[in-house]
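Here is what each chain is made of, one letter per residue.
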Amino acid sequence: MDENSSARLKRSLLRITYRIGLFLAMLTICLPGLWIVLSSLRPTVEIMAKPPVWIPQQISFDAYVAMFSGIGKGGIPVIEYFRNSLIISVTSTVIAVAIGMAGGYAFARYRFRGKSGVFLGLMLTRTVPGIALSLPLFFLYVRLGIIDTHFGLILAYVALNVPFTIWLIDGFFRQVPKDLAEAAQIDGCTRWQAFWQVEFPLAGPGIASAAIFAFLTCWNEFALASQLTRSVSAKTLPVGLLDYTAEFTIDWRGMCALAVVMIIPALTLTYIVQKHLVGGLTSGAVKG
Amino acid sequence: MATVSLKKLTKRYGSIEIVHGIDLDIADREFIALVGPSGCGKSTTLRMIAGLEEISAGSIEIGGRVVNDLPPRSRNISMVFQSYALYPHMTVRENLGFSLKIAGAAKDDMDRRVAEASAILGLDALLDRRPSQLSGGQRQRVAMGRAIVRDPDVFLFDEPLSNLDAKLRTQMRTEIKKLHAKVQSTVIYVTHDQVEAMTLADRIVIMRDGYIEQVGTPDEVFRRPATRFVAGFIGSPPMNLNEATVEGGQLVFASGARLPLPAQFRANVAAGDKVVFGLRPDDIYPTGHGLSSGDAADVHQIDLPITVTEPLGNETLVFVEFDGADWVSRMLNPRLLRPGERVGMSLDLSQAHLFAADTGKTLRS
């Protein structure tokens, strides 16, 4: 075998190894999701079976039908939960991104006293596990009368997300060259116009990714929500999952069905927004 | 079209003063180059004129109007940045028309002015591209086009050519000169490259450590540098400068070497004065291989050892040792010289410069 063909063989071997590795990685990531979808479609007997049944014998949408059938017929107030989740997640994301933009821009562009201290402080809040604050927060909310309200949960989620959005958006504004805003000001913009005409569109993809992260955090958050909400008027979908646990039984199939209902909007949103997360948008602005 | 005048213009960051109260009057349609080494305050001065930096003291007038506290957009200036600063999310057309759009210009007016600028700079074929699809020289042209479209009173250039390769730089330099002839605006051009300053400017402002060292035409700053710094900064290769003491009509150097005191300085120095002697490479040459220096030439002959030669084709730079320093000399119609060889050098002392050793100021009256 000459050198060239052995090099060619080596290259194909490498490519095959790479694909196998990729397949295994994707399998690890996708299998739980797939299992949830499968479990929502098959009877409890199959779910509990040992060894596991990989290919479902029969598929039924009973769990989904039951879920929407109303109280007493195995249903849960899924529409209400969905509405609560949507209101709370969207509102707190919008607020967190707005604050994150203002804060991130300030950290990226201005010099002020105590800047690094404030920034460090914001980051340190991320080191406290949210659940550790749930009890104090519970007492506080009870006193203030905002327990079991949309407002209360939105407030908690904004506080949870703001340090993160500031940090992320700060980084994206830093990537937008300062010269561009200055050029815009010379071209006749006010500082405010320069921001919206030039800096905002360029940091847009970054802001969008901050929004996705903030939204997903709120959408999936369970620990705080389970402490701070208790009625149908405020409970979110993750808390709603608990409706499937009774004193002696857990309805795994129903729970999986609800999980699928939860995942679909999050997945759709991420899919839509990620198309706009085109990197390298600033290339060509300045000599790079 | 406007005059620009800086009065006691000062910039401080905290307690550190960057620009120390400089005065400068720029005539209408004049091309002024601010030149100096990095950190000399030239860019800061330009940014203060643009309104991108606040001024700490003094005043700036554009067209007779004090603009100290006006934002950039109210000064009717335009600026070409070193980085070009093109808007990456807009096409070339949108980049050019951006200022007009912000000003709320009518669509057809906007199209007409963009077309004009694009015709001047030859951008017609590129109008629908984005900056990322352009080469360095093209981006540079778009940046200039964006400045022209505004029809400003004053053009500000902040080292616009320093990101281009040598060939393109020469080409764009010519284009900027042509452009100035066409648009007839006042131009303030910042550069650290003295060749750019010399070739483009009507007058050159040489800055150092936040002070203006000299203002003058390219010819003035080259032939009559006001300070030792200007003498060393302007001209390539730089002027040969050595310290000496005046003694009995002679200059005595540290090594003991002596040269006659040039006639034009005799009245201005006294015995015992510490001076810096300067001679441009053009005014020192192997005998018979120099520029003709005219009748007034005060040529002094001296034998010096060669250390290095740098042949450039039409001429050779010959480094000779004098008083422990390597002096550069320019040899026209070169012949082969070997390092170590001693050659007879002609020093045209009528072109020599003397500066006070302590203040660095010229001793020319």
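Note that the structure is a prediction, hence the values are computed from the model and not measured.

Rules behind the numbers
Residues numbered from 1 in each chain as written. Chains lettered and ligands numbered in written order. Predicted model: local features only at pLDDT ≥ 70, side-chain atom pairs only at ≥ 80, totals over all residues. Helix = DSSP H or I, 4+ residues; strand = E, 2+ residues; numbered from the N terminus. Rg over C-alpha atoms; globule rule 2.2 N^0.38 Å. Contact = placed C-beta atoms within 7 Å. Domains from an automatic or database assignment. Nonpolar A, V, L, I, M, F, W, Y, C, P; charged D, E, K, R; others polar. Axes fitted to C-alpha atoms, helices over the stretch in contact; angles between N-to-C directions. Parallel < 35°, antiparallel > 145°, perpendicular 65-115°, else oblique. Left-handed = near helix turned anticlockwise from the far one by under 90°. Pairing = 2+ DSSP bridges. Expected span 1.5 Å × (residues − 1). Bend = angle between axes of the 7 residues up to and from the residue. Buried ≥ 20, exposed ≤ 12 C-beta atoms within 10 Å, placed from the backbone. Core = buried A, V, L, I, M, F, W, Y, C linked by C-beta atoms within 7 Å.

Of regular secondary structure, chain A possesses 12 helices and zero strands. For 288 residues, the compact-globule estimate of 2.2 N^0.38 gives 19 Å, and chain A exceeds it by more than 25% at 25 Å. Here the C-alpha coordinates of chain A stretch approximately 80 × 70 × 30 Å along the principal axes. The long-range fraction of contacts in chain A, counting pairs at least 24 apart against all pairs at least 6 apart in sequence, stands at 74%.

Scanning chain B from N- to C-terminus turns up eight helices and 20 strands. For chain B, the spread of C-alpha atoms along the principal axes amounts to about 75 × 45 × 35 Å. The long-range fraction of contacts in chain B, counting pairs at least 24 apart against all pairs at least 6 apart in sequence, stands at 67%.

This part is about unusual backbone geometry. The omega angle of the peptide bond from Lys50 of chain A to Pro51 of chain A is -5°, so this bond is cis rather than trans. Relative to the helices and strands, Pro51 of chain A is located in the loop between helix 2 (44-48) and helix 3 (62-67). Cis peptide bonds are those with omega within 30 degrees of zero, and the linkage from Ser236 of chain B to Pro237 of chain B qualifies with -5°. By the element assignment, Pro237 of chain B lies in the loop between helix 8 (228-233) and strand 11 (240-247). Even without a glycine there, the phi angle at Asn333 of chain B is positive, about 45°.

All names here are of chain B. For chain B, the domain assignment lists domain 1 (4-233) and domain 2 (240-356). Domain 1 and domain 2 are separated by 38 Å when their C-alpha centres are compared. Counting from both sides, the interface comprises five residues of domain 1 and, opposite them, five residues of domain 2. Along the lines of polarity and charge, the residues of the side of domain 1 that touches domain 2 split into two nonpolar, two polar and one charged.

So, about the environment of Val176 of chain A. The topology assignment puts Val176 of chain A in the loop between helix 7 (150-175) and helix 8 (178-186). As a C-alpha pair, Val176 of chain A and Thr236 of chain A span 60 residues in sequence and 38 Å in three-dimensional space.

Counting from both sides, the interface comprises 22 residues of chain A and, opposite them, 26 residues of chain B. No other element matches the six residues that helix 8 of chain A contributes to the side of chain A that touches chain B. Partitioned by chemical class, the residues of the side of chain A that touches chain B number 11 nonpolar, seven polar and four charged.

What follows deals with the packing of helix 2 (residues 92-103) of chain B against helix 4 (residues 136-149) of chain B. Residues and elements named next belong to chain B. Where helix 2 contacts helix 4, the axes come no closer than 8 Å and their chain directions differ by 30°. When the axes of helix 2 and helix 4 are compared, the pair comes out roughly parallel. The chirality of how helix 2 crosses helix 4 is right-handed. Only Val142, Gly145, Arg146 and Val149 of helix 4 make contact with helix 2, whose side of the interface consists of Val92, Asn95, Leu96, Gly97, Ser99 and Leu100. For the contact of helix 2 with helix 4, the residue count by class is five nonpolar, four polar and one charged.

Hydrogen bonds between backbone atoms are what pair the strands of a sheet, whose relative direction is either parallel or antiparallel. All names here are of chain B. Taken together, four strands build an open sheet; the order of strands is 2-1-4-5 and the sheet is antiparallel. Only two strands of the sheet have a single partner each, and these edge strands are strand 2 (16-26) and strand 5 (65-66). As defined by bridge partners, strand 1 (residues 4-13) adjoins strand 4 (residues 57-62) across five bridges and the pair is classed as antiparallel. Looking at the pairing, Val4 lines up with Ile62 of strand 4. Running over the sheet, helix 1 (residues 42-50) touches strand 1, strand 2 and strand 4 and is turned about 115° from strand 1.

Residue and element names in this part refer to chain B. If you walk across this open sheet you meet the five strands as 13-12-11-14-20, and the pairing is antiparallel. Every other strand in the sheet has two partners, leaving strand 13 (258-260) and strand 20 (353-356) as the edge strands with one partner each. Sheet twist, expressed as the mean angle between neighbouring strand axes with direction ignored, is 40°. In this structure, strand 11 lies alongside strand 12 (residues 250-253), joined through four bridges in antiparallel fashion. Residue pairing in the sheet places Ala244 in a bridge with Phe253 of strand 12.

Okay, helix 1 (residues 3-41) of chain A next. Residue and element names in this part refer to chain A. Between its terminal C-alpha atoms helix 1 stretches 55 Å, which fits the 57 Å expected from 39 residues at 1.5 Å a residue. Where helix 1 bends most, at Cys30, the angle is about 40°, and the proline Pro32 comes one to four residues later. The element helix 1 is barely covered by neighbouring structure, given that only three of its 39 residues are classed as buried. Packed against the buried residues of helix 1 are helix 2, helix 3 and helix 12 (252-274).

Another aspect to go through is the packing of helix 4 of chain B against helix 5 (residues 166-183) of chain B. Residue and element names in this part refer to chain B. It is the contact of helix 4 with helix 5, at a shortest axis distance of 11 Å, that shows an interaxial angle of 15°. In terms of their interaxial angle, helix 4 and helix 5 are classed as roughly parallel. Crossing of helix 4 against helix 5: the hand is right-handed. Here helix 4 contributes Gly136, Gly137, Gln140, Met144 and Ile148 to the contact with helix 5, which in turn contributes Leu168, Met172, Leu179 and Val183. Broken down by class, the residue content of the contact of helix 4 with helix 5 amounts to six nonpolar, three polar and no charged.

Before going further, it helps to examine the domain arrangement of chain A. Residues and elements named next belong to chain A. Assigned domains within chain A: domain 1 (3-60) and domain 2 (78-274). The distance between the C-alpha centroids of domain 1 and domain 2 comes to 33 Å. Each partner contributes residues to the interface: domain 1 has six residues there, and domain 2 has six residues. When residues of the side of domain 1 that touches domain 2 are traced back to their parent elements, those giving at least two are helix 1 and helix 2. If you tally residues by element for the side of domain 1 that touches domain 2, the top one is helix 1, at four residues. Across the side of domain 1 that touches domain 2, the residue classes break down as three nonpolar, three polar and no charged.

Time to look at the nonpolar core. In terms of nonpolar packing, the biggest core is built from 144 residues, with Ile32, Ala33, Leu34, Leu156, Ile188, Tyr189 and Val205 of chain B touching the most fellow members. Apart from the residues within four sequence positions on either side, Tyr189 of chain B is in contact with Phe31, Ile32, Ala33, Phe157, Leu200 and Ala201 of chain B.

This paragraph deals with the pairing of strand 10 (residues 211-216) of chain B. Residue and element names in this part refer to chain B. Pairing analysis gives five bridges linking strand 9 (residues 203-208) to strand 10, with the strands arranged antiparallel. Bridge pairing in strand 10 places Ile206 opposite Gln214. The antiparallel hairpin formed by strand 9 and strand 10 contains two residues in its connecting segment, where Asp209 sits at a positive phi of about 50°.

Glancing now at the environment of Phe31 of chain B. Residues and elements named next belong to chain B. Position of Phe31 relative to the elements: it lies in strand 3 (residues 31-35). Sequence spacing of Phe31 and Phe155 is 124 residues, and the spatial spacing of their C-alpha atoms is 9.3 Å. Aside from chain neighbours lying at most four places away, what touches Phe31 is His180, Val187, Tyr189, Leu200, Ala201 and Asp202.

We now examine the pairing of strand 9 of chain B. Remark: a regular strand shows side chains that alternate across the two faces of the sheet. Residues and elements named next belong to chain B. Where burial is concerned, most of strand 9 is hidden: five out of the six residues are buried. In this structure, strand 3 lies alongside strand 9, joined through four bridges in parallel fashion. By the bridge assignment for strand 9, Val35 is matched with Ile206.

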